[in-house]
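One-letter residues, chain by chain:
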Amino acid sequence: MSFATDHIKNVALAGHGSTGKTTLLEHLLFQGGAISKPETIESGKTVSDFGEDEIARKISVRSSLTHLSVRDTKINFIDAPGSSDFVGEVILAFRACESALILIDAKSGVQIETIKLWRNLDSRSKPRMVFVTRMDEDRANYSAALEDIKTKFKVAPVPVTIPMGEGLELKGVIDVINQKAYLKPANGEQKETASDIPAEYADAVEEARLQLCEAAAEGSDELMEKYLDEGQLGQEDIVAGLRCALAQAKAVPAFAGSGLKNVGTAALLEFIATMAPSPLSLGAEEIVDADGADQQVAVDPAKPATAMIIKTQIDQFSGRLSFLKVITGTLAPDLEIVNVRDGRKERLSKVYTAQGKKIEEVPALAAGDIGLITKSASLKTNDTISAMDKPFAYKPLKLPTPVHLIAISAANKKEEDKLNEMLYKAAEEDLTFQVNFNAETKETVIAGMGELQINMILDKIKNQAKIVAETRIPRVAYRETITKKSGAEYTHKKQTGGHGQYARVVFEVEPLERGTGYQFENKLFGQSVSRGFIPGIEKGIHQAMENGVVAGYPVVDVKTSITDGKEHPVDSSEMAFKIASRGAFREGTKTANPVLLEPIMDLRVFAEEKNLGDVMSDLSGRRGRISGQNPIGGGIIEVDAQVPQAELLRYAIDLRSMTSGTASFEVDFSHYAPITGKIAEDVIKAAQAFRTAEAEEE
Ligand SMILES: Nc1nc2c(ncn2[C@@H]2O[C@H](COP(=O)(O)OP(=O)(O)OP(=O)(O)O)[C@@H](O)[C@H]2O)c(=O)[nH]1
Ligand SMILES: [Mg+2]
């Protein structure tokens, strides 16, 4: 069956780690009739956590697509992981869905990852609902959780359902909009059924209904006027107003329940099916057209088909799965499409939807729907496929830059290529994981969001390809430069049998502004050195710049001028000038106060107020210069600093342990700065030791 655009709802499930997203989803699928029995995390058989690694660790690692139908409406759920290491998976879910369902633990209230995700949703003006789960557990407290949401997010959530009893006394929930009660099933493997509201809850329900009226009035000016005039809104107005207020992210509907005990799923599904925004009610996607100008395209079933690839999964058995969201038109078998990135054309064979790992063929995917196609070898995440005459590309997903860097090599040298291949494959599946070869340090460096993510990727490689990787803290790409003007002369002279070698150059070296790199000037008067030897001289300088005189690091920001020289009619050659030039450059820099340069990073740390002191004093211990701190909402402070890269090599791990996993950071390269004294001495010693070890290995 395929569903029309206005009968599709896409909902991202997100929230702090282990709040119960996957468990709730399992019971939603069960309540909605998509599966016949809900499984537990402990059994390792849930629909959403199907990856081997997810089963082994009992956590979600990747976003997974599931769906169910309520009458003639299809609800796609994307269940996102909670650990901050997998934030890329959450962001892709937010982007693909018109609304988000945020899970809050009824005992702990709003936790740190949720605050960070909320900010991300704010920046997208994304409609959101909150489900306060684990209401079955001791000390669960719905109103305290809602109050916490109010203080941390500065929005008052409106209860669509209220619990009957709490914690061990939980008896069920009441759907305030539809005026129905759902008693807690005898166990979590039974469905909820509707009944009348017990008389004792009449007052609580009326109070909640008034709150709904107030929130619904936010939906439009007319409703607000009516509400202010009459002090009340009728059922129809509540529904219409709340729908609008939600779509504009002005109201945050709240639900109570327990995933595990299947409490609150029926009312939630009913609400999503009837009230959550459909792809038609919003969902303009930014595009980049042929001229590179930014425009917006709304979801529209009437136009020719276009879709964006939201996620790539490379399955050991089924091969490449390209998950996509259809933005315009309809994707169906036999459609001729082009990959806008590389112009490659192909004819679609089949289109699918997914229920966790199970993929199901469907006749078509309408605009707004989320599904997948398989075996399309050239497709990558963020590609646009299009059946338009003038194809344009949708804007790629913006993800945080990976901050945790690790140098890697295969334990067995012969497996290096295979390891690299596996790493690049992992990087295709997860855009917050990157692989780079650093030519300066001659290392393959992988980058991710944290230790957990990187370990899981390496474990997978070990299990699937039987390759053991060795990891190290990456080397810092130090550089060298000079700090004053100097000069040198160098004569290369060799008499070997036949004809000899002769070249003489006189150089001036002077420091350049940081970041300029390299300059050369020919200041020769007359023809003491023929023009034809100049390229050889420049080559010599380049060679010498590869290994500086301080510790063998590349030399940058130096201007070299040749002021004089001498050649021999027979014995001079390009090679001889190259050698002389190399020598003169080295001699010149030795007397020009050479120094080491280290990379300095721009660092932004996001920490809770209570950790601020620790974070700041730790940063000064890392030779950091703090340039500012500002509150960014939800009790989180952003600290801006410049810190040497050498001090940040383990920062992802250290910051996490310093703040019990609550803080996060972003980092970008800023500039190179000189180092002297003890710090420089240590770097020089380490470089010498490294070169000795390298020489011994060869
Ligand atoms: N008592 C109780 N336990 C729950 C409830 N929901 C989840 N759990 C338990 O909490 C643990 C974590 O549940 P998950 O569903 O994996 O949580 P999650 O939010 O998907 O976790 P990540 O995706 O890894 O962030 C499991 O042991 C569940 O059985 C609930 O409503 N009540
Ligand atoms: Mg999960």
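The shown structure was predicted, so the numbers you read here are calculated from the model rather than taken from an experiment.

Considering the overall build of the protein chain
Broken down by element type, the protein chain carries 16 helices and 37 strands. Across its three principal axes, the protein chain shows a C-alpha extent of roughly 110 × 60 × 55 Å. Taken over 698 residues, the protein chain has a buried fraction of 53%. Within the protein chain, counting contacts between residues at least 6 apart in sequence, those at least 24 apart form 71% of the total. Entry remark: accessible area of the protein chain is about 30600 Å², with carbon and sulfur atoms responsible for 49%. Charge separation in the protein chain, taken as the distance between the mean sites of 82 positive and 101 negative side-chain charges, equals 6 Å.

Quick word on the domain arrangement of the protein chain
Taken domain by domain, the protein chain consists of domain 1 (5–275), domain 2 (285–394), domain 3 (411–467), domain 4 (480–592) and domain 5 (599–679). Of note, the centres of domain 2 and domain 4, computed from C-alpha atoms alone, are 56 Å apart.

Examining the packing of helix H3 (residues 87–96) against helix H4 (residues 112–123)
Contact geometry of H3 with H4 gives a least axis separation of 11 Å together with a crossing angle of 35 degrees. Pair H3 / H4 crosses with right-handed handedness. Counted together, Val90, Ile91 and Phe94 of H3 and Leu117, Asn120 and Leu121 of H4 form the full contact between these two elements. Partitioning the contact of H3 with H4 into residue classes produces five nonpolar, one polar and no charged.

Section: the site of ligand 1
Taken together, 20 residues sit near ligand 1, with Lys21, Thr23, Glu42, Ser60 and Arg134 positioned nearest. In the environment of ligand 1, an oxygen atom lies 2.8 Å from a nitrogen or oxygen atom belonging to the backbone of Gly20. With respect to ligand 1, the side chain of Thr22 contributes an N or O atom lying 2.8 Å from an oxygen atom. Relative to its unbound accessible surface of 640 Å², ligand 1 loses 90% to contact with the protein. In terms of residue count, helix H1 (residues 21–31) provides more of the shell around ligand 1 than any other element does, three residues in total. Grouping the amino acids of the shell around ligand 1 by side-chain chemistry returns four nonpolar, eleven polar and five charged.

Examining the environment of Ile309
Take Ile309: it is sitting in strand E14 (residues 306–315). Look at Ile309 and you get buried, because its relative accessible area is 2%. In this structure the C-alpha to C-alpha distance between Ile309 and Lys325, which are 16 residues apart in sequence, comes to 6.6 Å. Ile309 has contacts with Ser322, Phe323, Leu324, Leu379, Lys380, Thr381, Asn382 and Asp383, leaving out every residue within four places of it along the chain.

Considering unusual backbone geometry
Positive phi, close to 55 degrees, is recorded for Asn262, a residue that is not glycine. Within the secondary structure layout, Asn262 lies in the loop between strand E11 (252–256) and helix H9 (265–275). Not every positive phi belongs to a glycine, and Asn593 is a case in point at roughly 50 degrees. Position of Asn593 relative to the elements: it lies in the loop between helix H13 (574–590) and strand E34 (594–608).

With respect to the coordination of the magnesium ion (ligand 2)
Bound to the magnesium ion (ligand 2) are the protein donor atoms Thr22 (OG1) and Ser60 (OG), situated 2.0 Å from the metal. Pair noted here: Thr22 is in helix H1 and Ser60 is in the loop between helix H2 (52–57) and strand E2 (64–70), with a separation of 38 residues, a long-range link. In this structure, Thr22 and Ser60 share a single accessibility class: buried.

Some remarks on the packing of aromatic side chains
Applying the stated criterion to the full structure yields seven aromatic pairs. Considering the side-chain rings of Phe669 and Tyr672, the 5.5 Å spacing of their centres and the 55 degrees angle between planes classify their relative orientation as tilted. For Phe669, a relative accessible area of 47% gives the class partly exposed. It is Arg128 that lies over the ring of Trp118; its NZ or CZ is 4.8 Å from the centre. Lys191 extends its terminal NZ or CZ atom over the ring of Phe30, reaching a point 5.6 Å from the ring centre.

Conventions and cut-offs
- Residues numbered from 1 in each chain as written.
- Chains lettered and ligands numbered in written order.
- Predicted model: local features only at pLDDT ≥ 70, side-chain atom pairs only at ≥ 80, totals over all residues.
- Heavy atoms only, no water.
- Helix = DSSP H or I, 4+ residues; strand = E, 2+ residues; numbered from the N terminus.
- Buried < 20%, exposed > 50% of the residue type's maximum accessible area, 1.4 Å probe, protein only.
- Contact = heavy atoms within 4.5 Å.
- Areas by Shrake-Rupley, 256 points an atom, 1.4 Å probe, with all protein chains shown as cover.
- Lys, Arg positive; Asp, Glu negative; His and termini not counted.
- Charge placed at Lys NZ, Arg CZ, Asp CG, Glu CD.
- Domains from an automatic or database assignment.
- Axes fitted to C-alpha atoms, helices over the stretch in contact; angles between N-to-C directions.
- Left-handed = near helix turned anticlockwise from the far one by under 90°.
- Nonpolar A, V, L, I, M, F, W, Y, C, P; charged D, E, K, R; others polar.
- Near = heavy atom within 4 Å.
- Polar contact = N/O pair within 3.5 Å; in protein donor to acceptor, adjacent residues only side chain to side chain.
- Donors = N, O, S within 2.8 Å, 3.2 Å for Na, K, Ca; no water.
- Phe/Tyr/Trp six-rings, centres within 6.5 Å; stacked < 30°, edge-to-face > 60°.
- Lys NZ or Arg CZ within 6 Å of the ring centre and 35° of its normal.

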